[in-house]
Amino acid sequence: MKFYTFATAQHLAQHLAQELLTLIARKPKAVLGLATGSTMEPVYAEILRQNLANPVNVQQLSTFNLDEYLGLAPEHPHSYNYYMHQHLFHGLGLAKHQVHLPQGNCADPDLECANYTAAIAAAGGLDFQLLGIGGNGHIGFNEPGTAFDTPTHCVELTAQTREDNSRLFDNPAEIPSHALTMGMAEIMQAKEVVLVITGAHKADIAAALATSQPCPALPASALKQHPNARVYLDAAAASQLQAGTASAVA
Ligand code: GLP
């Protein structure tokens, strides 16, 4: 796992959007693993901006999102399905059959998770997985303590995660207690992974990740065992890294 720094989140987004559009141009049937959260908003805005200026063919692309809140219907404004349509799918013009998220309002969460794992496998696995990180080191909603070989599963969110994400809900008490998340197993099987960490509020977890051994207590540390994983940080998130940990890109 290599660490790369960018002067600002905007520089990072420009670089990453260019990499993703280049991947799609090279492999039109690419299977992308996508993430939600504030961190991804400039990345998706930049993909849409660059694709408008210099369009690539996205009609054969497939996407699989990391996670969804249990109990929220796809059209619920706080669902990740809604977020993805708002920030990326609508702008790129992706058809319904191209995009996949676990269904939050499914009748049988365990069956939904097993079907999601099977759908990723049927698509040939993930070519590229985009990740953000939670304040406690979670990736997707794989909370601390999750074994690295866990497939897509239903998870009870930790108090810290509910607290961190409640800012996005009108009424913090409305935040769901559970979520469906792609597992560490599917993430680790992706051919290429980029973990994005931006903002001063993520500097501590970025520094902990840099020095940690691979350990389920810090789920993102699993990426140290991945053959092709990169961490992209803006200067604020990289501020607590020891000298020599990261290479500067822009
Ligand atoms: C949620 C998502 C994660 C995301 C994290 C960070 O917990 N399940 O996939 O990485 O939020 O979000 P943000 O980018 O808003 O800090």
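Reference entry: report on the structure contained in this document.

About the criteria used
- Residues numbered from 1 in each chain as written.
- Predicted model: local features only at pLDDT ≥ 70, side-chain atom pairs only at ≥ 80, totals over all residues.
- Heavy atoms only, no water.
- Near = heavy atom within 4 Å.
- Polar contact = N/O pair within 3.5 Å; in protein donor to acceptor, adjacent residues only side chain to side chain.
- Areas by Shrake-Rupley, 256 points an atom, 1.4 Å probe, with all protein chains shown as cover.
- Nonpolar A, V, L, I, M, F, W, Y, C, P; charged D, E, K, R; others polar.
- Pairing = 2+ DSSP bridges.
- Helix = DSSP H or I, 4+ residues; strand = E, 2+ residues; numbered from the N terminus.
- Axes fitted to C-alpha atoms, helices over the stretch in contact; angles between N-to-C directions.

## Focus on the site of the ligand
Then step 1. In the vicinity of the ligand, 13 residues are found, and the nearest of them are Ser38, Thr39, Asp67, His138 and Lys202.
Then step 2. In this structure, Ile133 approaches the ligand through a main-chain N or O atom, which is 3.3 Å from an oxygen atom.
Then step 3. Its free accessible area being 390 Å², the ligand has 95% of it covered by the protein chains.
Then step 4. For the shell around the ligand, a count of residues per class yields three nonpolar, seven polar and three charged.

## Here's the deal with the sheet that holds strand 4 (residues 67-69)
Then step 1. One open sheet accounts for three strands, arranged 4-8-7; its pairing is antiparallel. The open sheet has two edge strands with one neighbour each: strand 4 and strand 7 (153-156). Sheet twist, expressed as the mean angle between neighbouring strand axes with direction ignored, is 25°.

## Considerations on the sheet that holds strand 11 (residues 246-248)
Then step 1. Across the sheet, which stays open at both edges, the eight strands sit in the order 5-3-2-6-9-10-1-11 with parallel pairing between neighbours. Strands with a single pairing partner mark the edges of an open sheet, and in this sheet they are strand 5 (99-100) and strand 11.
Then step 2. As defined by bridge partners, strand 2 (residues 31-34) adjoins strand 6 (residues 128-131) across two bridges and the pair is classed as parallel. The residue of strand 6 that forms the bridge with Gly33 is Gln129.

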